[in-house]
Amino acid sequence: MSTPFKLFWTFIILTFLSGNFCSAGPILQFTNANDLVNPTPFFQYCLSERNVDDNKMLNSILTGNVALQTTEDEYLNEGLQKMDMWLLLEINNQTKEQLYLDIKYHTLEILDLYLYDTNNNLVEKQETGFLRNFSDREFKSNFFVMPLFNDKQNYNEVKKVIIKLSNDGSLFIPSQIGAIKNIYNQHYIHNTFTGIYFGFILVMVLYNLFLYFSLKDSLYLTYVAYAFAVFLMSTEIKGKIPEFIFRNAGQYMVYADIVHSFGAFFSVMFTRQLLKTKENLKFFDKLLLLGVLLSVVHFMLEVLNFQFLGEQLLMIFAGITSLILLLTGVAAVIKNIRFGRFYLLAWSMYLSGVIIFILSISGIIRTNIFTEYSIQIGSAIEVVLLSLILAYRINILKREKQDALTQNQELIKSQNYMLEKQVKERTFELSTLAYELKNTNDQLEEKSEALKLSNEKLNQFAYTVSHDLKAPVRNIGGFLQLLKKRYSENLDSEANEFVDFAITGANEMNFLISELLDFSRLQYDNQNVEEVNLQKAVEQIQFNLRDIINEQQGSLVFEDLPVIKTNKLLIIQLLQNLIQNGFKYSYTKPPVVKIEVEQQESHYLCTVSDNGIGIKAENIEEVFKIFWRAKTKTNSSGSGIGLHTCKRLVESFGGEIWVESEYGKGSDFKFTIPIKS
């Protein structure tokens, strides 16, 4: 058997073997004013039913018509009774000090004191008890202190004291008689011991509260709540609450019962957290939840003012909860759960103290100073053991933290090694990729230069070809015009028609060559940015196209166009091409071309609308390709270069261009120009 369990059983055996004995005597001779006498051996007592008339019972005791008995125990204890107890004490005060009776059991509900002189005449009646308000007591103490005879002239006479006691619990009468200063000195010793105990519990509470704020572990907070509940229960058991807080008996009774509910609740919650029953003892965890439920039910009964039912169920619920906690501790020891042995020992010590106290006040075992303080001793041992568990748990947490830190360091080293390896591999890959990218960029630059040179040569070639072709084409057209003018009368109608076709072809060839020449000379340089007033720019375009507009009796609609930042020459070229295109493809009605510009979040949206012939759906994607020309009633028209030029101009601005059209109803050419700061 382990050492803690040996100490536990030694604690139990010593309790049952302890006790003092005094010889009985009929009359208490009080000779020394400095003495404190235990009157228990001098008490003669009997029990009576609750409904017996007090006056009849008093007369029967005074006349000797009731059989009285005595005890040799240190304290008079009749255990749990549903009867009244009557005590007779014959006392001879041979000192001139007034004597006081001190009964040190604060839960006696009714305590009536009757003082009789030598002739059995009632001198005084005093009423006190647990059910009577604390504020009505003459001496404000948690014990019952009542003055006896104060007759200094006839002090050396035998007088009688009859005490009626009524209690639904135990009839346990620890008492002493003496001068008030001696009684207060005894109370001082008792209060000092009690104060040391309370201080010890509060120190444990504050210490573990400090640990909670340091570790942020909820287990310590639960233990603080439980230890504080033990402190409150101890103050209730020692009757200290009425002395300082609740002086009304009803309020105190509610407080006393609720405190036990709190103690049961937090003891169960602490057990669940400490032993981790939810993971380690699932069956007993359910039993512990039953204990939680019982404590909550009892608390609700008290709060809802079902005090009688709550008092009846308190002992039953407390017994069930205590048994559950004890069985949980045993199961933890059997399964070798960490802290299981110390927990079982700690809870057993406290439970043993409670059992010893209950057995003592119930009259089953003899009462002595040890049994009187058994709950405080047991709870102090429990608090110490649980605090040691929690202190040792800190070392475990530190060790686990250190182990975790060591593992983390090893893991970090391993990860660092792998990371360095991956970084080196990735660096090598990036270096290789950078080298390849540099070679690719160099090749692209070379190809870009070559392409630029090729474009320049191509533009130069197009310019040269178009420039050189203009003269012969112009000559062909001119001579065809002379041929028609001078010899048309000599030619038949078919020959004249052929000449007209040749003249038209020469004119179109001349127009196409002019377009190619303009296209080859056009530079898409968008670096020369300035503020352009679109309203004035479109007015300039209107002037440039006045001949075609007047010839077709058309109209150009625009108003309130904004000022934007762009290349002025390029934007005028762009708009003029689109406007001219709108007038060109209109055959059945006077053409109307409308220009609108809308400023949006990041760009300007420009729209050039016309009421011309429109574009077929299958040709929408083709209109901006170079040399594409729409098929019209006059076969073909245009060079197929103008809209492609517009597309390149918009792209040089950094925008987009598209067309929305319905065949036969006109077209909307839209393009965007980014807003520049």
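Our subject is the structure listed above.
Just so it is clear, the model here is predicted, and its values are computed rather than measured. (Residues numbered from 1 in each chain as written. Predicted model: local features only at pLDDT ≥ 70, side-chain atom pairs only at ≥ 80, totals over all residues. Heavy atoms only, no water.)

Caption draft 1: Seen up close, the overall build of the protein chain. Scanning the protein chain for helices and strands turns up 17 helices and 21 strands. Counting all 677 residues of the protein chain, 44% fall into the buried class. By element, 56% of the accessible surface of the protein chain is carried by carbon and sulfur atoms, the whole surface being about 37300 Å². (Helix = DSSP H or I, 4+ residues; strand = E, 2+ residues; numbered from the N terminus. Buried < 20%, exposed > 50% of the residue type's maximum accessible area, 1.4 Å probe, protein only. Areas by Shrake-Rupley, 256 points an atom, 1.4 Å probe, with all protein chains shown as cover.)

Caption draft 2: Here's a closer look at the packing of helix α14 (residues 534–544) against helix α16 (residues 568–584). Contact geometry of α14 with α16 gives a least axis separation of 10 Å together with a crossing angle of 50 degrees. Classified by the interaxial angle, the pair formed by α14 and α16 is oblique. Relative to α16, the crossing made by α14 is right-handed. In contact with L534, A537, V538, I541 and N544 of α14, α16 contributes I571, I572, L575, Q576 and I579. Its residues assigned to classes, the contact of α14 with α16 comprises eight nonpolar, two polar and no charged. (Axes fitted to C-alpha atoms, helices over the stretch in contact; angles between N-to-C directions. Parallel < 35°, antiparallel > 145°, perpendicular 65-115°, else oblique. Left-handed = near helix turned anticlockwise from the far one by under 90°. Contact = heavy atoms within 4.5 Å. Nonpolar A, V, L, I, M, F, W, Y, C, P; charged D, E, K, R; others polar.)

Caption draft 3: Up close: the pattern of salt bridges. Evaluation of the coordinates by the stated rule reveals eight salt bridges. For R50, the salt bridge identified is with D84, shortest N-O distance 2.9 Å. Residue R50 is located in the loop between β3 (44–48) and α2 (54–63), and its partner D84 is located in strand β5 (residues 84–93); the two are separated by 34 residues in the primary sequence. Its relative accessible area of 2% is what places D84 among the buried residues. Between E662 and K665 there is a salt bridge, and its shortest N-O distance comes to 3.5 Å. By relative accessible area, which is 47% here, E662 ends up partly exposed. Overall, K665 belongs to the exposed group, its relative accessible area being 59%. (Salt bridge = Lys/Arg side-chain N within 4 Å of Asp/Glu carboxyl O.)

Caption draft 4: Structural view of the packing of aromatic side chains. Enumeration according to the criterion identifies eight aromatic pairs in this entry. Between Y226 and F270, the aromatic rings sit 6.4 Å apart at their centres with planes inclined by 10 degrees, giving stacked as the arrangement. With Y226 in helix α4 (residues 218–237) and F270 in helix α6 (residues 249–275), this pair connects stretches of sequence that are 44 residues apart. Residues Y226 and F270 agree in their burial class; the two are buried. A centroid spacing of 5.7 Å and a plane angle of 40 degrees characterise the contact between W347 and Y350, whose relative ring orientation is tilted. With W347 and Y350 both in helix α10 (residues 340–361), this residue pair falls three residues apart, about one helical turn. For the pair W347 and Y350, a shared accessibility class is recorded, and that class is buried. Ring pairs connect the aromatic residues Y223, Y226 and F270, which therefore count as one cluster. Positioned above the aromatic ring of F543 is the side chain of R546, whose terminal nitrogen or guanidinium carbon lies 4.0 Å from the ring centre. A cation over an aromatic ring shows up here: K616 above the ring of Y663, its NZ or CZ 5.4 Å from the ring centre. (Phe/Tyr/Trp six-rings, centres within 6.5 Å; stacked < 30°, edge-to-face > 60°. Lys NZ or Arg CZ within 6 Å of the ring centre and 35° of its normal.)

Caption draft 5: Main features of the sheet that holds strand β21 (residues 666–674). In space, the five strands of this open sheet follow the order β14-β16-β17-β21-β20, with mixed pairing throughout. With one partner strand each, in any of the chains shown, β14 (555–557) and β20 (657–662) form the two edges of the open sheet. If you compare each strand with its neighbour and ignore which way they point, the axes differ by 15 degrees on average. Relative to strand β17 (residues 603–610), strand β16 (residues 592–599) runs antiparallel, the two being bridged by seven bridges. Bridging from a neighbouring strand, V593 pairs with D610 of β17. Packed on one face of the sheet, α16 meets β14, β16, β17 and β21 and runs near 170 degrees to β21. (Pairing = 2+ DSSP bridges.)

Caption draft 6: Just the environment of D53, in detail. Mapping D53 onto the fold places it in the loop between β3 and α2. Within the structure, D53 has its side chain in polar contact with the backbone nitrogen of K56 (distance 3.2 Å). (Polar contact = N/O pair within 3.5 Å; in protein donor to acceptor, adjacent residues only side chain to side chain.)

Caption draft 7: Spotlight on unusual backbone geometry. Located in the positive-phi region is K216, a residue other than glycine, with phi close to 55 degrees. The residue K216 is located in the loop between α3 (180–215) and α4 in this model. Classification of K216 by relative accessible area gives exposed; the value is 58%.

Caption draft 8: Molecular detail of the sheet that holds strand β6 (residues 100–103). Pairing is antiparallel in the open sheet, where four strands are placed in the order β2-β12-β6-β9. Looking at strand neighbours, the two that pair on one side only are β2 (36–37) and β9 (144–147), the edges of this open sheet. When β6 meets β9, the two strands line up antiparallel, connected through four bridges. Directly across from Y100, in β9, lies its bridge partner P147. Along the sheet face, α3 touches β2, β6, β9 and β12 (175–178) and points at about 140 degrees away from the line of β12.

Caption draft 9: A nonpolar patch on the surface, seen in detail. Taken together, V296, M300, V303, L304, F306 and L309 make up a surface patch of nonpolar side chains, about 530 Å² in accessible area. Among the secondary structure elements, M300 is positioned in helix α8 (residues 282–303). Residue class for M300 comes out partly exposed when judged on its relative accessible area of 39%. (Patch = residues over 30% accessible without salt bridge, like charges linked within 9 Å, V, L, I, M, F, W, Y side chains within 5 Å.)

Caption draft 10: Just the nonpolar core, in detail. With 49 residues, the main nonpolar core has Y223, Y226, F270, L274, Y343, W347 and L386 as its most contacted residues. Breaking this core down by element, the ones donating at least two residues are α3, α4, α6, α8, α9 (307–334), α10 and α12 (374–487). Of the residues forming this core, the biggest block, 10 residues, is contributed by α4. In this structure W347 touches Y226, S322, L325, L326 and E382, once residues within four positions along its chain are discounted. Counting 37 residues, the second-largest nonpolar core is a separate cluster that includes I564, I579, V608 and F669. (Core = buried A, V, L, I, M, F, W, Y, C linked by side-chain atoms within 4.5 Å.)

Caption draft 11: Seen up close, the pairing of strand β15 (residues 563–566). Burial along β15 is one-sided: I564 and T566 are buried, and none of V563 and K565, which face the opposite way, are. In this sheet, β15 lies alongside strand β13 (residues 530–533) in antiparallel orientation, the contact comprising four bridges. Note on β15: the bridge partner recorded for E530 is T566.

Caption draft 12: Representation of α8. Its 22 residues place the ends of α8 32 Å apart at the C-alpha level, agreeing with the 32 Å of an ideal helix rising 1.5 Å per residue. Buried within α8 are the following residues: F284, D285, L288, G291, V292, L294, S295, H298, L301 and E302. Immediately beyond the C-terminal end of α8, within one or two residues, lies N305, with a positive phi of roughly 70 degrees. (Expected span 1.5 Å × (residues − 1).)

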